[in-house]
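Observations on the model geometry
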Amino acid sequence: MLFFSFFKSLIGKDVVVELKNDLSICGTLHSVDQYLNIKMSDITVMNGHKYPYMLSVKNCFIRGSVVRYVQLPADDIDVSLLQDATRKEASK
């Protein structure tokens, strides 16, 4: 639940999601659920020459099980708050 609440705080921010099939999608985080399924809007594909059919897509839903990485904006993350929450979660 820690990461779910963390991602909910990033709604409206620009993120890059790399999928397990090496597709990287950059866009605005629209919503996230408890399974870390992600809805994004205003997306662009980072490697469009490899996936030309994705160039016309503007909104997408990404299933949480196909996500490899989520790159977050560094200036929007409170690292000390995240570390404290992680320690509290681990001590339970």
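Residues numbered from 1 in each chain as written. Predicted model: local features only at pLDDT ≥ 70, side-chain atom pairs only at ≥ 80, totals over all residues. Heavy atoms only, no water.

- The name given to the protein in an unreviewed UniProt entry is U6 snRNA-associated Sm-like protein LSm2, and the organism recorded there is Oppiella nova.
- Per UniProt, the protein has the following entry under Sequence similarities (unreviewed entry): "Belongs to the snRNP Sm proteins family."
- The heading Function (unreviewed entry) in the UniProt record of the protein holds the text "Binds specifically to the 3'-terminal U-tract of U6 snRNA." (UniProt positions renumbered as here; feature names shortened; annotations may be inferred.)

1. Description of the side chain of T28
- Note that T28 resides in strand β2 (residues 24-32).
- With relative accessibility at 18%, the residue T28 sits in the buried group.
- Here the side chain of T28 touches D14 through a polar contact of 2.9 Å, side chain to side chain. (Helix = DSSP H or I, 4+ residues; strand = E, 2+ residues; numbered from the N terminus. Buried < 20%, exposed > 50% of the residue type's maximum accessible area, 1.4 Å probe, protein only. Polar contact = N/O pair within 3.5 Å; in protein donor to acceptor, adjacent residues only side chain to side chain.)

2. Some points on the sheet that holds strand β4 (residues 59-62)
- With respect to topology, five strands assemble into an open sheet ordered β4-β3-β2-β1-β5, the strand pairing being antiparallel. Sheet topology places β4 and β5 (67-71) at the edges, where each strand pairs with a single neighbour. Across the sheet, the mean angle from the axis of one strand to that of its neighbour is 40 degrees, orientation sign disregarded.
- The sheet contact formed by β2 and strand β3 (residues 38-45) spans six bridges and is antiparallel. The residue of β3 that forms the bridge with I25 is V45. (Pairing = 2+ DSSP bridges. Axes fitted to C-alpha atoms, helices over the stretch in contact; angles between N-to-C directions.)

3. Overview of the pattern of salt bridges
- For the structure on display, the rule yields three salt bridges.
- Note that R68 and E18 form a salt bridge whose closest N and O atoms lie 2.9 Å from each other. Here R68, found in strand β5, pairs with E18, found in strand β1 (residues 14-19); they are 50 residues apart in sequence, far enough to count as distant.
- Here R68 falls in the partly exposed class, since its relative accessible area comes to 34%.
- For E18, a relative accessible area of 17% puts it in the buried group.
- For R87, the salt bridge is made with D84, and the minimal N-O distance between the two is 3.1 Å. Here R87 pairs with D84, and both are found in helix α2 (residues 79-91), just three residues apart, close to one helical turn.
- Take R87: its relative accessible area is 53%, and that puts it in the exposed class.
- Taken together, the salt bridges that share partners define one network made up of E18, D22 and R68. (Salt bridge = Lys/Arg side-chain N within 4 Å of Asp/Glu carboxyl O.)

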